[in-house]
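What the coordinates show
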Amino acid sequence: MSSHITIKDIAKAIGCAPSTVSRALKDSPNISAPVKEAIQRYAREHNYRPDAVALSLRNSRSNTVGVLLPQMVHYFFSCVLSGIEKAASEAGYNIIVAQSGESYEKEVASVEAFRKAKVCGVIASLAKETRDFTHFRRLIEDEVPLVFYDRICPDLNTSRVVVDDYTGTFTAVEHMIVTGCQRIAFYTSPLHLEISKNRRNGYLDALRKHRIVVDDALIFECDTRHEAMELTTRLLSEEPRPDAFFAVNADTAVGILYACKNVGLRVPDDVSICGFSDDVTARSTEPLLSMVDQPGEAVGKGAMDLLLAKLDGTGDKPFYKNKIVKTELILRGTTKR
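About the thresholds
- Residues numbered from 1 in each chain as written.
- Predicted model: local features only at pLDDT ≥ 70, side-chain atom pairs only at ≥ 80, totals over all residues.
- Heavy atoms only, no water.
- Core = buried A, V, L, I, M, F, W, Y, C linked by side-chain atoms within 4.5 Å.
- Buried < 20%, exposed > 50% of the residue type's maximum accessible area, 1.4 Å probe, protein only.
- Contact = heavy atoms within 4.5 Å.
- Helix = DSSP H or I, 4+ residues; strand = E, 2+ residues; numbered from the N terminus.
- Pairing = 2+ DSSP bridges.
- Axes fitted to C-alpha atoms, helices over the stretch in contact; angles between N-to-C directions.

Bringing the nonpolar core into the picture now. Counting 66 residues, the largest nonpolar core has Tyr187 and Met304 as the members making the most contacts within it. In contact with Met304, other than residues within four places in its own chain, are Val65, Ile84, Ala87, Ala88, Tyr93 and Ile123. Val111, Phe148, Ile152 and Leu156 belong to the second largest nonpolar core, which has 18 residues in total.

Along the chain, Phe246 falls in strand S8 (residues 244-247). According to the relative accessible area criterion, Phe246 is buried, its value standing at 0%. Taking the C-alpha atoms as reference, Phe246 lies 9.2 Å from Met176; in sequence the two are 70 residues apart. If we ignore the near neighbours within four places in the chain, the residues touching Phe246 are Thr169, Ala172, Val173, Met176, Ile184, Ala185, Phe186, Tyr187, Cys274, Gly275, Phe276 and Val292.

This next bit is on the sheet that holds strand S2 (residues 94-99). Strand order in the open sheet formed by 6 strands is S2-S1-S3-S4-S5-S11, and the pairing between neighbours is parallel. In this open sheet, the two edge strands, each paired with only one partner strand, are S2 and strand S11 (322-325). Along the sheet, successive strands turn relative to each other by an average axial angle of 15°, direction set aside. When strand S1 (residues 64-69) meets strand S3 (residues 121-124), the two strands line up parallel, connected through 4 bridges. Note that in S3 the partner of Val67 across the bridge is Ile123. Sheet strands touched by helix H7 (residues 134-141): S1, S3 and strand S4 (146-149). Its angle to S4, the strand with the most contacts, is close to 140°. Here helix H12 (residues 296-312) sits on the sheet in contact with S1, S3, S4, strand S5 (159-163) and S11, set at roughly 165° to S5.

Below, the structure is given as structure tokens:
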């Protein structure tokens, strides 16, 4: 056999990941002894020699993790960042942070900047505009560990951390139903996002469980305060009007609340309101907003823990783990008891 075999050749022969071969050849203690011995023996018998260019690139990897956020000002994402930073610091890693601002082009540019900076791994949440994932595929091809959180790409084989969007929404909508609501409007983020699909399914299943006919005219893509105020004002002027609203985030829930107050409706006597992703805004309204809490720090820590598992080599073969963080329904003044 030619002496120019590669790490991928060894991985195929042994039946493991190229990253496992790389760590075994470095005598990593995190690879099991039998696997390590098999890899090293195969490499010796087939005259494996490290590629000088590839070796230079690997050795130039930093101990810095690239973190991509859709919006830094969003309370949830700032909490995620806090969780990532704490876990990274405890493990001896640094982070560099980029914000897509919900722009696909900015997201692509940020990922390319991470590649040029030779980060050792990337933790990312998709921008609303993103439908092409070529830039993330390049990371995978470069063997840069990638972990998605919150807004994930199900088409790519990566580890990911999400909150239980389905159950959180189902529980909230069911609470409004059992407290007397029948026409519940649903405000969501763009429906091509996986989190939007899961929350919509939670909403639909809660209606079906309680034998409420699904009305597609009550489902809207609306995820900002301004949009919510305009849309809610219009809906409340029509008959039959909604008697409850479920909002994708606190900012949208606030817009709904303002619109209800502006037309003279009492909350929650006339209209119930609940949102997803509790934050300080929800705790500053009158009445206080009922919300589904998604613990951002736990999501961030979970994402960093999954990345560390890839970086430390804990796992013999390619492994992709899904971590689901539980939500909690926090009942306050905008829903009936």
